[in-house]
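# Coordinates in review
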Amino acid sequence: KQLAETLVALSSSEVEANAGKLVSFIGAGGGVGSSQIAHNAAFHIARLFDAETAVLDLDLGFGTAALDFNIESPQHIASLLDDPERVDPSMLQRLMAKHGDNLYLLTAPPALDKAGDVAPVAVETLLAAARRTAGFVVADLPCVWLPWIQHVLDLSDEIVVTAAPRLHSLRHAKQIIDWACRERTTLTEIVSLEAEAINRFLQWGNLVAHSTSPSEVEAGCNSFAADLHSIARRIPGAGGAPQLPSL
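Figured I'd write up the structure that's included with this text. In every chain, residue numbers begin from 1 and rise along the written sequence. A pLDDT threshold of at least 70 governs which residues receive local features in this predicted model, and a stricter bar of 80 or more applies before side-chain atom pairs are shown or counted, although totals over entire chains, interfaces and linings include all residues. Note that the side-chain values use all heavy atoms of the structure and ignore hydrogens as well as water.

What follows covers the overall build of the chain. The helix count covers DSSP runs of H or I at least four residues long, the strand count covers runs of E at least two residues long, and both are numbered beginning at the N terminus. Helix and strand content of the chain: ten helices and six strands. A 1.4 Å probe rolled over the protein chains alone gives each residue an accessible area, and that area as a share of the maximum for its type sets the label: buried under 20%, exposed over 50%, partly exposed in between. Residues classed as buried in the chain amount to 45% of the 247 residues present. Any pair of residues with heavy atoms lying within 4.5 Å of one another is described as a contacting pair. Here the contacts in the chain between residues at least 6 apart in sequence split such that 73% fall between residues at least 24 apart. Per-residue accessibility takes into account occlusion by the displayed protein chains alone, with areas from the Shrake-Rupley method and a 1.4 Å probe. As displayed, the chain offers around 12400 Å² of accessible surface, 53% of which is attributable to carbon and sulfur atoms.

This is the structure in structure tokens:
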């Protein structure tokens with residue numbers, strides 16, 4: 001919920017005419033929960049903010065949107081990427097599954113033999129149509145590094161990188177962030193704040209893992225929450241800190 005609030009706040013001053021906000025989610029390693037966070041964020045944006053939201057499951061081999069929402073789109077996303085010339089907003093809206101009042105899904109193919117390489121121009125055409133269909137477009141990306149993945153990230157208004165507190169995952173997250181800093185200079189300030197938040201998380205995790213004093217852990221949790229509030233207030237365009245739960 002807090003992530004959804006932050007993404008909506010970031011978009012409030014930057015929404016372009018007739019173009020929805022593209023938010024891409026990518027994991028810094030397998031099994032870190034990127035898809036679950038993407039789907040939950042999309043659900044909350046659609047429900048809490050009454051915003052038309054489209055989820056594009058671009059994990060063509062092992063996408064989980066169909067399972068998480070217990071629904072499949074009438075036509076899977078790979079078939080549209082194979083023939084992008086026929087994609088337009090009205091057709092796309094007909095081919096997406098509807099979940100609730102404002103949430104639309106374009107799910108991954110059910111068979112592995114449908115997965116394959118994607119032309120960057122094809123995914124750009126699909127994303128452009130989706131952005132003319134919904135106010136928010138959530139792109140659920142697989143944890144691979146291919147030209148079309150980079151192209152989606154480059155087109156994105158916001159990028160959410162999910163990492164686990166493990167060395168290899170944090171290393172992969174840093175690689176993605178370093179790329180974003182090189183290719184997307186407007187993200188530098190936000191990336192710096194994200195790095196600060198990660199460092200505070202690691203310090204808090206070390207305290208919880210090694211402390212034997214309940215009062216020390218409680219004080220550390222309260223300090224961690226206060227620091228996250230401070231970091232969130234400094235996010236450009238966020239309009240203040242999201243309401244974090246008390247610890």
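Paired rings are identified among Phe, Tyr and Trp, the last through its six-membered ring, by centres lying within 6.5 Å, and are further divided according to the angle between planes into stacked (under 30 degrees), edge-to-face (over 60) and tilted (the rest). Following the criterion strictly, the structure yields one aromatic pair and no others. Centroid distance tryptophan 145 to tryptophan 179: 5.3 Å. Interplanar angle 85°. Geometry classified as edge-to-face. Here tryptophan 145 is found in the loop between strand 5 (136-140) and helix 7 (147-155), whereas its partner tryptophan 179 is found in helix 8 (residues 167-183), with 34 residues between them in sequence.

With that out of the way, let us pick up the sheet that holds strand 4 (residues 103-106). The mixed open sheet is built from six strands, whose spatial order is 3-4-2-5-1-6. Either end of the sheet is taken by a strand with one partner, and the two such strands are strand 3 (97-99) and strand 6 (158-162). Neighbour to neighbour, the strand axes of the sheet diverge by 20° on average, direction disregarded. Examined bridge by bridge, strand 3 and strand 4 share three bridges and lie antiparallel to one another. Counted as the bridge partner of lysine 98 is tyrosine 104 from strand 4. Only when DSSP finds a minimum of two bridges between them are two strands counted as paired. Note on geometry: axes are C-alpha line fits, over the in-contact stretch for helices, and angles between N-to-C directions span 0 to 180 degrees.

Turning next to the layout of surface pockets. Cavities and pockets were defined on a 1 Å grid built over protein atoms only: a cavity is a set of grid points that admits a 1.4 Å probe from which the probe cannot escape, a pocket is an open set flanked by protein on both sides within 12 Å along at least five of seven lines, and lining residues are those with an atom within 4 Å of any such point. Grid points are joined across faces, edges and corners, and a volume is the space filled by probe spheres set on the points. There is about 310 Å³ of room inside the second largest pocket. Asp59, Leu141, Pro142, Cys143 and Val144 are, among the 21 residues lining the second largest pocket, the residues nearest its centre. Put simply, Ala, Val, Leu, Ile, Met, Phe, Trp, Tyr, Cys and Pro go in the nonpolar bin, Asp, Glu, Lys and Arg in the charged bin, and everything else, Gly too, in the polar bin. Across the lining of the second largest pocket, the residue classes tally to eleven nonpolar, nine polar and one charged.

This part takes up unusual backbone geometry. The backbone phi angle of aspartate 50 is positive, close to 50°, even though this residue is not glycine. Here aspartate 50 is to be found in the loop between helix 2 (34-48) and strand 2 (53-57). Accessibility expressed as a relative area gives 60% for aspartate 50, which makes it exposed.

Here serine 169 is to be found in helix 8. For serine 169, a relative accessible area of 0% translates into the label buried.

Remember, this is a structural readout, not a statement about activity or role.
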